[in-house]
Amino acid sequence: MIHDPRKSGRMIALFLAGLVLFNFPILSLFNIDRPFLGIPFLYFYIFLAWCLIIAAMVMITLPPREKDSHETGKYRY
């Protein structure tokens, strides 16, 4: 496995973003009494932020797509 400093930096930035998203000042903004889609707004925010962090992790850790050797415009994984 080749060490990529750009991926490491992005993962550190994502970790710091997660710290901010799940810390007190931000969570208190979403602690309101109104439900959203039938669930408490705070729970909806936590689930949505969690899903976005996981999606960002997947995007960061996926290997880059390489062009096909025949240059047909199709990509292989």
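Residues numbered from 1 in each chain as written. Predicted model: local features only at pLDDT ≥ 70, side-chain atom pairs only at ≥ 80, totals over all residues. Heavy atoms only, no water.

Chemist: Let's hear about the packing of aromatic side chains: which residues, and what values?
Modeler: For the coordinates displayed, the defined rule picks out 5 aromatic pairs. Where Phe30 meets Tyr45, the ring centres are 4.0 Å apart and the plane angle is 10°; that geometry is what we call stacked. Note that Phe30 is positioned in the loop between α2 (24–29) and β1 (35–36) and Tyr45 in helix α3 (residues 41–61), a separation of 15 residues in sequence. In this structure Phe30 comes out as partly exposed when scored by relative accessible area, which is 23%. Residue Tyr45 is classed as buried on the basis of its relative accessible area of 10%. (Phe/Tyr/Trp six-rings, centres within 6.5 Å; stacked < 30°, edge-to-face > 60°. Helix = DSSP H or I, 4+ residues; strand = E, 2+ residues; numbered from the N terminus. Buried < 20%, exposed > 50% of the residue type's maximum accessible area, 1.4 Å probe, protein only.)

Chemist: Would you mind going over a nonpolar patch on the surface in detail, with residue names and values included?
Modeler: A grouping of Met11, Phe22, Tyr43, Ile46, Phe47, Trp50, Ile54, Met57, Val58, Met59 and Leu62 is seen on the molecular surface, where their side chains present a nonpolar patch of about 1,100 Å² in accessible area. Its location among the elements puts Tyr43 in helix α3. (Patch = residues over 30% accessible without salt bridge, like charges linked within 9 Å, V, L, I, M, F, W, Y side chains within 5 Å. Areas by Shrake-Rupley, 256 points an atom, 1.4 Å probe, with all protein chains shown as cover. Salt bridge = Lys/Arg side-chain N within 4 Å of Asp/Glu carboxyl O.)

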